[in-house]
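So you can see what is in the structure, the chains are spelled out below.
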Amino acid sequence: DKEYPVVYHGAETPYVFYDLGAKATAEETALAQQMASYWYRHAAFGTPNGVHPRDVDSDAPAVHWPQFELSAEQRAYLRLDVASAGGVRPVQKPFRVASCAFMGEWLEKELAS
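Source: prediction; values computed, not measured.

Trainee: Looking at this model, I keep getting lost on the packing of aromatic side chains. Mind explaining?
Mentor: Each aromatic ring pair is summarised here by two numbers: the centre-to-centre distance and the angle between the ring planes. All chains considered together, the criterion is met by two aromatic pairs. Here the aromatic rings of Tyr38 and Trp65 are separated by 5.2 Å at their centres, their planes lie at 75 degrees, and the arrangement is edge-to-face. Within this pair, whereas Tyr38 is found in helix 2 (residues 26–45), its partner Trp65 is found in the loop between helix 2 and strand 1 (77–79), the two being separated by 27 residues in sequence. Considering the side-chain rings of Trp39 and Trp65, the 6.0 Å spacing of their centres and the 80 degrees angle between planes classify their relative orientation as edge-to-face. On the criterion of sequence distance, the pair formed by Trp39 in helix 2 and Trp65 in the loop between helix 2 and strand 1 is long-range, its members being 26 residues apart. Of the residues examined, Trp65 reaches a relative accessible area of 26% and is grouped as partly exposed. Pairwise contacts between aromatic rings join Tyr38, Trp39 and Trp65 into one cluster. Arg41 extends its terminal NZ or CZ atom over the ring of Tyr38, reaching a point 5.0 Å from the ring centre.

Trainee: Help me understand a nonpolar patch on the surface in this model?
Mentor: On the surface, Phe68, Leu70 and Leu111 cluster together into a nonpolar patch covering about 320 Å² of accessible area. Take Leu111: it is sitting in helix 3 (residues 101–112).

Rules used throughout
Residues numbered from 1 in each chain as written. Predicted model: local features only at pLDDT ≥ 70, side-chain atom pairs only at ≥ 80, totals over all residues. Heavy atoms only, no water. Phe/Tyr/Trp six-rings, centres within 6.5 Å; stacked < 30°, edge-to-face > 60°. Helix = DSSP H or I, 4+ residues; strand = E, 2+ residues; numbered from the N terminus. Buried < 20%, exposed > 50% of the residue type's maximum accessible area, 1.4 Å probe, protein only. Lys NZ or Arg CZ within 6 Å of the ring centre and 35° of its normal. Patch = residues over 30% accessible without salt bridge, like charges linked within 9 Å, V, L, I, M, F, W, Y side chains within 5 Å. Areas by Shrake-Rupley, 256 points an atom, 1.4 Å probe, with all protein chains shown as cover. Salt bridge = Lys/Arg side-chain N within 4 Å of Asp/Glu carboxyl O.

These results come straight from atomic positions and should not be treated as a statement about function.
Here's what the structure looks like:
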């Protein structure tokens, strides 16, 4: 599916640790910088939004990572894409809803117990 390509488990690791290698495009490098900044701030300050209004290694403002809400109607997600695919942005609709039905059902059972 061209709209939702398959991404294997752990594919985010080079982005999180800002270690993409020489074949990375400028867009991929920028996304890695943003992702690494979120993970750094979460580790350093207990929130991916951190205490700094800007990315650690960049002049670009960080996009606010929405806090998880139990209510599905109020829930927002952070979509992490390269700039040409829309960039990093908050969205109201979860990614791959049909593919994640099992996890959604499991979460509902866990929250109910």
